[in-house]
Amino acid sequence: MINKFKLENFRNGTECFAYEFFGCHKISDGKYVFRVWAPHAKNVSLVGTFNGWNESDTVMQKLSDGESFEAAIQAKEGDTYQFCIHTFDGRKLFKADPYACFSDYPNTSKSKICTISTNNDRRNIYVGNNQPINIYEVSLLSWKRHKNNSYYTYAELEKTLVPYVKKMGYTHVEFMPVTEFPYDGSWGYQVTGYFSVTARLGTPKQFKRLIDCFHENGIKVILDWVPAHFPKDDWALYEFDGQPLYECPLWDRMEHSGWGTRKFDFGNGGVDSFLLSSAVFMFDVYGVDGLRVDAVASMLYLDYDKQYGDWTPNIYGDNRNLEAILFIKKLNSAIKRHFPSAIIIAEESAAFPDLTKKVEDGGLGFDYKWNMGWMNDVLFYCRQDPYFRSYHHEKITFSLVYAFSERFILPLSHDEVVHVKGSIVNKMHGEYADKFSGERSLLGFMYAHPGKKLNFMGYEIAQFKEWDYTAGIEFYLKKFEKHRKMTAFVKALNLFYVQNKPLYEIDDGWDGFKWLVVDDKQSNLFAFTRYDCSGESITAVINFSGIDIINYEIGIEKGTYRLVFNTDKKSFGGEGKLKKFIFKTVNQTSQGKENSIFIDVPKLSCLYLKKIN
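Now for a quick tour of the structure.

Reading the values: rules and limits
Residues numbered from 1 in each chain as written. Predicted model: local features only at pLDDT ≥ 70, side-chain atom pairs only at ≥ 80, totals over all residues. Heavy atoms only, no water. Helix = DSSP H or I, 4+ residues; strand = E, 2+ residues; numbered from the N terminus. Contact = heavy atoms within 4.5 Å. Phe/Tyr/Trp six-rings, centres within 6.5 Å; stacked < 30°, edge-to-face > 60°. Buried < 20%, exposed > 50% of the residue type's maximum accessible area, 1.4 Å probe, protein only. Lys NZ or Arg CZ within 6 Å of the ring centre and 35° of its normal. Salt bridge = Lys/Arg side-chain N within 4 Å of Asp/Glu carboxyl O. Core = buried A, V, L, I, M, F, W, Y, C linked by side-chain atoms within 4.5 Å. Pairing = 2+ DSSP bridges. Axes fitted to C-alpha atoms, helices over the stretch in contact; angles between N-to-C directions. Patch = residues over 30% accessible without salt bridge, like charges linked within 9 Å, V, L, I, M, F, W, Y side chains within 5 Å. Areas by Shrake-Rupley, 256 points an atom, 1.4 Å probe, with all protein chains shown as cover. Expected span 1.5 Å × (residues − 1). Bend = angle between axes of the 7 residues up to and from the residue. Parallel < 35°, antiparallel > 145°, perpendicular 65-115°, else oblique. Left-handed = near helix turned anticlockwise from the far one by under 90°. Nonpolar A, V, L, I, M, F, W, Y, C, P; charged D, E, K, R; others polar. Disulfide = S-S within 2.5 Å.

Looking at the side chain of Asp 294
And then number 1: Tracing the sequence through the fold places Asp 294 in the loop between β17 (290–293) and α5 (296–300).
And then number 2: Leave out the neighbours within four places in its chain, and Asp 294 touches Tyr 189, Asp 224, Trp 225, Val 226, Pro 227, Ala 228, His 229, Met 299 and Glu 347.

Pasting the structure below:
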């Protein structure tokens, strides 16, 4: 009866724990049951090391739903296996198990028998938007490499990456996709194993231990998850039972032509249940704290990356993918129902409304959305010669027009340091020293701007080389003073962020933000104040110009202010020009305020001032 209930939920697209039924499961010592969904198959055989890969030895029985197959056999942990799909047109397709939690990669494309228990600690302590979130985005395959360029294993990352992230003061770590993928050049975004963490770095149990180690050190873990598309490897999901099954069969919804991949068939009950279960699996088995959902815009719009005439409107005559929208709501609702503390982040490059509004209030139910507009604008601005930045002033100010329309994460991600875009430090305009000053001022602005934070590995050492997925980041650069001091700066900024509530407690409304200097285009200077719920404040003053600004007048609330953070400090690699640290207001009107302070602001610097009375 339990299995019948699960199959009904599976067909209805509401089963979140399909991995407890499908795939391979131990039923007694030495005996395992295998189940697979293949509704278009004539019959299915189970082949593996346990039967000498003899396709006629273990013919699977069709279940009551008429779409799934089952076989129970003698086998052992570590055995490799595949399903042999017999199609009605006479073909034999050898397929990896879509629900396998371990693969035989890189030896073969087969699956491996592996038993792993669920995670008992569900961490259901709700974390609201008023908490600090500072994410270190990392590729586990290229954070560090051995001298022979081999990978650091999960066990080695437990001993190296975990203490590094803790020492640097990050609150969260985000892994680029770790679900199994065959093509290294996809960076993990062309997934073939939606329940299987990559075998390149070790076993599922070792991966689980890595997650636990982060938790033991107070760091939450977010996984990059890819439900928008999958690759066309013939041994994986592609036309799994001889014809489109996981992919949409409609001509205009089947492929992402630009990526050479297949789109999932949202609205198909079995496909929805498969994806729901993949997401829930990561929380239930590995105990992760959040998912970053990749390429959401490609799911939401029927005309994404398509020319006119290459797509068919929905029943209302517009370009919304109604089935994908319903799936996303179902996904976010299901995760929150079972794991209330989960963080769900949308990487969405368009302007679909209400992404971070609750489903019950008419939204899509994400907790956060990457602010791609802020990222593009601010990096464009930082590339410009400071002499001409006055013509692009709105690139800095425009983000506050919409900053509170959604709950945002400000991302300087992996996508910004590849494909000849330049590393973060190398995007900055100017000579060698100016580039370092430019990165520090950018980060100072970023950490003071409303929104949570995400930065991709390598920026903290000011690596000039773009990210190379085939090699580790260049930690040897810390032998050089400027790079070593950049690491010290990032660590200090991370700790300052966590220790000062005005920088994170009110990220979603004007109660937490007030412009002081917004329209001084000629000076390239900006100033604003951030507030926490108790009224405490941090004022940020950023000089994006190429010259020192002396005795600048800023209209501000009456009181005394102390300089509490300065990106131009010598210990951060700056010139240490400021000698004054306390600033008292004078009764002089400026920028609509009755009182003002006068302050020197070094070129390409960011200063934080704290009101002390």
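Now that the structure has been shown, the text picks up again.
Focus: the packing of aromatic side chains
And then number 1: Enumeration over the complete set of coordinates arrives at 62 aromatic pairs.
And then number 2: Look at Tyr 154 and Phe 207: their rings are 5.2 Å apart centre to centre, the planes differ by 65°, and that puts the pair in the edge-to-face class. Here the residue Tyr 154 occupies a position in helix α2 (residues 154–168), and Phe 207 occupies one in helix α3 (residues 204–216), the gap between them amounting to 53 residues. A single burial state applies to Tyr 154 and to Phe 207, both of which are buried.
And then number 3: Centre to centre, the rings of Phe 489 and Phe 565 are 5.9 Å apart; their planes meet at 50°, and the pair counts as tilted. With Phe 489 in helix α12 (residues 481–499) and Phe 565 in strand β26 (residues 560–566), this pair connects stretches of sequence that are 76 residues apart.
And then number 4: Positioned above the aromatic ring of Trp 53 is the side chain of Lys 110, whose terminal nitrogen or guanidinium carbon lies 5.1 Å from the ring centre.
And then number 5: Directly above the ring of Phe 572 sits Lys 569, whose terminal nitrogen or CZ lies 5.0 Å from the centroid.

Quick word on the pattern of salt bridges
And then number 1: Inspection of the entire model under this criterion finds 32 salt bridges.
And then number 2: Two residues, Glu 180 and Arg 200, come together in a salt bridge whose shortest N-O distance is 2.9 Å. Residue Glu 180 is found in strand β11 (residues 179–180), and its partner Arg 200 is found in the loop between β12 (193–197) and α3; the two are separated by 20 residues along the sequence. Here Glu 180 and Arg 200 have matching classes, each one buried.
And then number 3: Among the charged side chains, a network of salt bridges with common partners joins Lys 232, Glu 239, Glu 247, Glu 255 and Arg 262.

Description of the nonpolar core
And then number 1: If you look at the biggest cluster of nonpolar residues, it comprises 178 residues, and the most contacted ones within it are Leu 140, Phe 175, Tyr 194, Tyr 246 and Tyr 608.
And then number 2: The biggest single contributor to this core is helix α4 (residues 269–284), with nine residues.
And then number 3: Sequence-distant contacts of Phe 175, defined by excluding residues within four places in its chain, comprise Val 138, Leu 140, Leu 161, Phe 207, Leu 210, Ile 211, Phe 214, Val 221, Ile 222, Leu 223 and Asp 224.
And then number 4: Residues Val 517, Leu 525, Ala 527 and Val 601 belong to the second largest nonpolar core, which totals 18 residues.

Re the sheet that holds strand β22 (residues 513–517)
And then number 1: On the basis of which strands lie adjacent, the open sheet formed by six strands has the order β22-β23-β24-β29-β26-β27 and antiparallel pairing. Each edge of the open sheet is held by one strand with a lone partner, namely β22 and β27 (582–584). Here the strands of the sheet are splayed against their neighbours by 25° on average, with no regard to which way each runs.
And then number 2: Two strands pair when backbone bridges link them, and β22 and strand β23 (residues 525–531) are joined in this way by four bridges, in the antiparallel orientation. Directly across from Lys 514, in β23, lies its bridge partner Thr 529.

As for a nonpolar patch on the surface
And then number 1: A contiguous nonpolar patch, built from Tyr 387, Phe 388 and Tyr 391 and spanning about 440 Å² of accessible area, is present on the exposed surface.
And then number 2: Within the element layout of this structure, Phe 388 appears in the loop between α7 (372–383) and α8 (394–397).
And then number 3: You can call Phe 388 partly exposed: its relative accessible area is 41%.

A few points about α2
And then number 1: With 15 residues, α2 extends 20 Å between its outermost C-alpha atoms, agreeing within 8% with the 21 Å of an ideal straight helix rising 1.5 Å per residue.
And then number 2: For α2, the principal kink sits at Thr 160 and spans about 30°; a proline, Pro 163, occurs within the next four residues.
And then number 3: Those residues of α2 not exposed but buried are Tyr 154, Leu 157, Glu 158, Leu 161, Val 162, Tyr 164, Val 165 and Met 168.
And then number 4: Tucked into the core, α2 has its buried residues touching β9 (134–138), β10 (172–175), β12, α3 and α12.
And then number 5: Gly 169 sits one or two residues past α2 and shows a positive phi near 90°.

Some details on the packing of α2 against α3
And then number 1: It is at 9 Å that the axes of α2 and α3 come closest, and there the two elements cross at 15°. As summarised for this structure, α2 and α3 are arranged roughly parallel, according to the angle between their axes. Helix-helix and strand crossings are classified by hand; for α2 and α3 the assignment is right-handed. Where α2 abuts α3, its residues Tyr 154, Leu 157, Glu 158, Leu 161, Val 162 and Val 165 lie against Gln 206, Phe 207, Arg 209, Leu 210, Cys 213 and Phe 214.
And then number 2: Class assignment of the residues belonging to the contact of α2 with α3 gives a composition of nine nonpolar, one polar and two charged.

Quick word on the environment of Ile 113
And then number 1: Here Ile 113 shows up in the loop between β8 (111–112) and β9.
And then number 2: A residue is classified by how much of its surface remains accessible, and Ile 113, at 2% relative accessible area, is buried.
And then number 3: Residues Ile 113 and Lys 26 lie 87 residues apart in sequence; the distance between their C-alpha atoms is 9.1 Å.
And then number 4: In contact with Ile 113, not counting residues within four places along its chain, are Cys 24, Tyr 32, Phe 34, Phe 50, Ala 75, Lys 76, Glu 77, Gly 78, Asp 79 and Tyr 81.

Some remarks on the pairing of β26
And then number 1: Taking burial as the measure, the seven residues of β26 include five buried ones, the bulk of the element.
And then number 2: Two elements, β26 and β27, share three bridges in a ladder whose sense is antiparallel. Counterpart to Tyr 561 in the pairing with β27 is Phe 583.
And then number 3: Of the pairings in the sheet, the one linking β26 to strand β29 (residues 605–611) comprises five bridges and is antiparallel in character. Across the sheet, the residue bridging to Tyr 561 is Lys 611, located in β29.

Observations regarding the state of the cysteines
And then number 1: Taken as a whole and assessed by the stated rule, the structure comprises zero disulfides.
And then number 2: Considering cysteine sulfurs only, Cys 606 is the nearest to Cys 382, which forms no disulfide, with 12 Å between them.

So, unusual backbone geometry
And then number 1: With an omega dihedral of 5°, the bond running from Tyr 105 to Pro 106 counts as a cis peptide bond.
And then number 2: Note on placement: Pro 106 falls in the loop between β7 (92–95) and β8.
And then number 3: Non-glycine residue Asp 305 carries a positive phi angle of around 55°.
And then number 4: With respect to the helices and strands, Asp 305 occurs in the loop between α5 and α6 (322–338).
And then number 5: A relative accessible area of 48% places Asp 305 in the partly exposed class.
And then number 6: Backbone geometry places Asn 524, a non-glycine residue, at a positive phi of 55°.
And then number 7: Secondary-structure assignment places Asn 524 in the loop between β22 and β23.
And then number 8: Using a relative accessible area of 3% as the deciding quantity, one classes Asn 524 as buried.

Function-wise, these values are silent; they only describe arrangement.
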